[in-house]
Amino acid sequence: MGQKDLHLLGAGDAAEMIRDGAVTSTELVQACLERVREVDGQVQAWTFLDPEYALSQARAADEARTSGRPIGALHGVPVGLKDIIDTADMPTENGSVLHAGRRPSSDASVVSRLRAAGAVIMGKTVTTEFATRTPGKTRNPHNSGHTPGGSSSGSAAAVAAAMVPLALGSQTTGSTVRPASYCGVYGLKPTHGLIPRHGMFQLSRTLDHVGLFARSVEDVAILLEVLASHDARDPDSRPRARIPYRAIAVAEPPRVPRLAFVKTSMWDQVDADARGAFSELVQRLGDRVEALELGTPADGILAWQRAIGGAEIAINLRREWEHGRDKLSAALRARIEHGRGVLALDYLEALARVPRLVASLTELFDQRYDAILTPAAFDTAPKGLESTGDPAFCALWTLCGMPALNVPLMRGANGLPLGAQLVGARDQDAQLLRTARWLADVSSKA
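In this report, the structure presented in the accompanying data block is examined. (Residues numbered from 1 in each chain as written. Predicted model: local features only at pLDDT ≥ 70, side-chain atom pairs only at ≥ 80, totals over all residues. Heavy atoms only, no water.)

**Section: the overall build of the chain**
What counts is decided by this rule: Strands are runs of DSSP state E lasting at least two residues, helices are runs of H or I lasting at least four, and both sets are numbered from the N terminus onward. The globule rule used for comparison is 2.2 Å times the number of residues to the exponent 0.38, while the radius of gyration itself is calculated over C-alpha atoms. Throughout, exposure labels follow a simple rule: accessible area from a 1.4 Å probe, protein chains only, divided by the maximum for the residue type, with under 20% read as buried, over 50% as exposed, and the rest as partly exposed.
Per the secondary structure count, the chain includes 15 helices and eleven strands. Taking 22 Å as the expected radius of gyration for a compact globule of 446 residues, we find that the chain reaches 21 Å, a close match to that expectation. Projected onto the principal axes, the alpha-carbon positions of the chain cover approximately 60 × 55 × 45 Å. Looking at the 446 residues of the chain, the share that counts as buried comes to 57%.

Structure representation (structure tokens):
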């Protein structure tokens, strides 16, 4: 691979080449910066990027390697961060003029983990306003007239456009899986609490997850292995045994996986082209997949998700509401107003539904299925930049805290990516990644 193509390297390959001295971190970061200069004028994935500072981190990584010091799993590899993730050395503005110029005093937990693994923090990627639904400036790298999705718009686009091999985002409804589908990359929302969220802007303790973007299953697994940890500052984090996510993800499944194809009651709203693509995928999989109807209707799930998310968003944005509501978008003001009106009875009832949902879905995995196959979104990326698309197909899995992964398997008639969403049981993230790699292999050979 020539120097000008280094930006195409995946994270695992790049880390190995840096370890072996076949390429330096400085060369890799320079190639990624050149790619940014080439395409970001159109894509606009970054909200903060200091090329010289990125290169200074890369030079320090190279010096550490040549001096014989221990190096980590992502040594010298550049990573993008959604601009709701605190960094002590870069601004974190949360996609809002209300937080313009904000400079955190410390790193988020995930940033500390990345630095310990030797990663180069490339810069901050564009988020929608406070990680909600009002779009930022980012465009879809496959067609600039279409949305990249949201709220992790810049992270998905930066990875898809090969400006960085890895990026972090977040998901409170569909903010990782949906933009991953629209941009044609892998996007993992892991089990709730598996990756600590300390130092990230909080919308909803119940629903917030860290999101991972990469161009391969193996790279998602490497990133997950680095970030999965316990941090007592996140009340939903807990101590766990270390899991070799990468080794499990690339291993052959012990038996042929069985998938449940879940259309949900929203299937008739899915674009006809997307319905056709999923029908072809299910046909190719043959007896390895079977249709499954869930007893809980989608409108009920969405109502519970709105009650929980609305109330918690209203609480977490109370300061911005009280002191700067005129600087909030009309859409976000309406969302906060809705949240402020949620009854305590409705909020607590919605919370009580979650364990029952999780138990019923876990039973499906225990008895029969390795993963659930369902759309990541209603269609390919919608045309226009006024909306980031509908996250409804992600709501149930986010509400239940189950791992969900976009697998970029298909394309629509318009040539844009169309993702398949795979969902696993809670705490079975490694097995979900292994099933996803199997599905990608089977689909490529069909």
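**Some words on the nonpolar core**
A general tendency of soluble globular proteins is for nonpolar side chains to be buried together. Threshold: Take the buried residues of types Ala, Val, Leu, Ile, Met, Phe, Trp, Tyr and Cys, join any two whose side-chain atoms come within 4.5 Å, and each joined set is a nonpolar core.
In this structure, Leu74 and Leu114 are the most contacted members of the largest nonpolar core, which totals 111 residues. Counting residues in hydrophobic clusters, the runner-up holds 27 residues, among them Val177, Tyr369, Ala376 and Cys394.

**What to know about helix 2 (residues 25–43)**
Defined as follows: In this scheme, the bend at a residue equals the angle between the axes fitted to the seven residues that finish there and the seven that begin there. Note on contacts: a residue pair is in contact if any heavy atoms of the two residues lie within 4.5 Å.
The axis of helix 2 is deflected most strongly, by about 40°, at Arg37. Listed in full, the buried residues belonging to helix 2 are Ser25, Thr26, Leu28, Val29, Ala31, Cys32, Leu33, Arg35, Val36, Val39, Asp40 and Val43. If you follow the buried residues of helix 2, they end up packed against helix 1 (11–20), strand 1 (46–48), helix 3 (51–66), strand 2 (78–82), strand 3 (120–125) and helix 5 (153–160). Phi turns positive, to about 60°, at Gln44, one or two residues after helix 2.

**Concerning empty space enclosed by the protein**
Stated precisely, the cut-off is as follows: Of the grid points, spaced at 1 Å and generated over the protein atoms alone, those admitting a 1.4 Å probe that cannot get out make up cavities, while open sets with protein on both sides within 12 Å along at least five of seven lines make up pockets; any residue with an atom within 4 Å of a point is treated as lining. Grid points are joined across faces, edges and corners, and a volume is the space filled by probe spheres set on the points. As a working rule, the residues Ala, Val, Leu, Ile, Met, Phe, Trp, Tyr, Cys and Pro are called nonpolar, Asp, Glu, Lys and Arg charged, and the rest polar, with Gly in that last group.
Using the criterion set out here, one finds three cavities of 30 Å³ or more in the structure. Looking at the largest cavity, its volume works out to about 80 Å³. Class assignment for the residues of the lining of the largest cavity results in three nonpolar, five polar and three charged. The computed volume of the second largest cavity comes to approximately 60 Å³. Residue lining of the second largest cavity: Val126, Pro135, Gly136, Lys137, Thr138, Thr147, Pro148, Gly149, Ser153, Leu385, Ser387 and Thr388, and that is the complete set.

**Regarding the pairing of strand 7 (residues 259–262)**
Put simply, the rule reads: Paired strands, in this sense, are two strands between which DSSP finds at least two bridges. Orienting the strands away from the viewer, one traces the path from the first strand over the helix to the second; a clockwise path indicates a right-handed crossover.
Across the two faces of strand 7 the burial is the same, with Leu259 and Phe261 and Ala260 and Val262 all buried. Note that strand 7 and strand 8 (residues 289–292) share four bridges and pair parallel. When the sheet's bridge partners are listed, Phe261 is paired in strand 8 with Ala291. For the crossover from strand 7 across helix 9 (residues 272–285) to strand 8, the handedness is right-handed.

**Thoughts on the packing of helix 2 against helix 3**
Just so we agree on the cut-off: All axes are obtained by fitting lines to C-alpha atoms, using only the stretch in contact for helices, and the reported angles, taken between N-to-C directions, cover 0 to 180 degrees. Here is the rule for angles: anything less than 35 degrees is roughly parallel, anything more than 145 is roughly antiparallel, 65 through 115 is roughly perpendicular, and the remaining ranges are oblique. Put simply, a crossing is left-handed when the front helix is turned counterclockwise from the back one by less than a right angle, and right-handed when it is turned clockwise.
At their nearest, the axes of helix 2 and helix 3 sit 8 Å apart, and the two run at 160° to each other. By the angle between their directions, the pair helix 2 and helix 3 is classed as roughly antiparallel. Viewed along their axes, helix 2 and helix 3 form a crossing whose handedness is right-handed. Of helix 3, the residues touching helix 2 (which contributes Ser25, Thr26, Val29, Gln30 and Leu33) are Pro51, Ala54, Leu55, Ala58, Arg59, Ala61 and Asp62. Split into classes, the residues belonging to the contact of helix 2 with helix 3 amount to seven nonpolar, three polar and two charged.

**Side note on the packing of aromatic side chains**
Formally: In summary, the pairing rule links any two rings of Phe, Tyr or Trp, Trp by its six-membered ring, whose centres are within 6.5 Å, and it sorts them by plane angle into stacked for under 30 degrees, edge-to-face for over 60 and tilted for everything else. Counting as a charge over the ring demands two things of the Lys NZ or Arg CZ atom: a distance within 6 Å of the ring centre and an angle within 35 degrees of the ring normal.
Inspection of every chain in the model, using the stated rule, returns five aromatic pairs. With a centroid separation of 6.1 Å and an interplanar angle of 10°, the aromatic rings of Phe261 and Phe278 are classed as stacked. One end of the pair, Phe261, is in strand 7; the other, Phe278, is in helix 9, and 17 residues separate them in sequence. Both residues of the pair, Phe261 and Phe278, count as buried. Of the aromatic side chains, those joined through ring pairs into one cluster are Phe261, Trp267 and Phe278. For the cation-ring pair, Arg325 lies above Trp321, with the distance from its terminal atom to the ring centre recorded as 4.2 Å.

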